[in-house]
Amino acid sequence: MDNEVIIYVKNLKKYLVNSSKARELFLTNDIDIDDFINEVVKVARKNVKEGKDPQLTQKQYEEVRFKLTDKESDIPMMEIKGFPPFFLN
């Protein structure tokens, strides 16, 4: 792993472990910190490979969170035979 990625991930994990506010911003109750970090590493490596900074953009963080969160369980939905699903939000 690139040194840039190692340093970035190490600092991010330290920030998440030491700050409840950071965990609130980056993680939800159903996302494990280690799973989150593993996905961040994958995206950070891709960024470096493309010649960019290892730091993820806001959009990339959201994509990681979305990938790790089971969104369907959070959305109230009703299904009636012969109709598309109704989202009850």
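None of the values given here were measured: they were computed from a predicted structure.

J.: Honestly, the environment of Leu27 in this entry has me stumped. Any pointers?
T.: Following the sequence through the fold, Leu27 ends up in the loop between helix H2 (20-26) and helix H3 (33-49). Counting along the chain gives 42 residues from Leu27 to Thr69, while the straight-line C-alpha distance between them is 9.5 Å. Look past the residues within four positions of Leu27 in its chain and what remains in contact with it is Ala22, Ile33 and Phe36.

J.: Looking at this structure, how should I read the packing of helix H1 (residues 3-18) against H3?
T.: Two packed helices can be described by the angle between their axes and the distance between those axes. Their axes nearest at 10 Å, the elements H1 and H3 cross at an angle of 150°. Here H1 lies roughly antiparallel to H3, going by the angle between them. Viewed along their axes, H1 and H3 form a crossing whose handedness is right-handed. Contacts between H1 and H3 pair Glu4, Val5, Tyr8, Val9, Leu12, Lys13, Leu16 and Val17 from the former with Ile33, Asp34, Phe36, Ile37, Val40, Val41, Ala44, Arg45 and Val48 from the latter.

Parameters at a glance
Residues numbered from 1 in each chain as written. Predicted model: local features only at pLDDT ≥ 70, side-chain atom pairs only at ≥ 80, totals over all residues. Heavy atoms only, no water. Helix = DSSP H or I, 4+ residues; strand = E, 2+ residues; numbered from the N terminus. Contact = heavy atoms within 4.5 Å. Axes fitted to C-alpha atoms, helices over the stretch in contact; angles between N-to-C directions. Parallel < 35°, antiparallel > 145°, perpendicular 65-115°, else oblique. Left-handed = near helix turned anticlockwise from the far one by under 90°.

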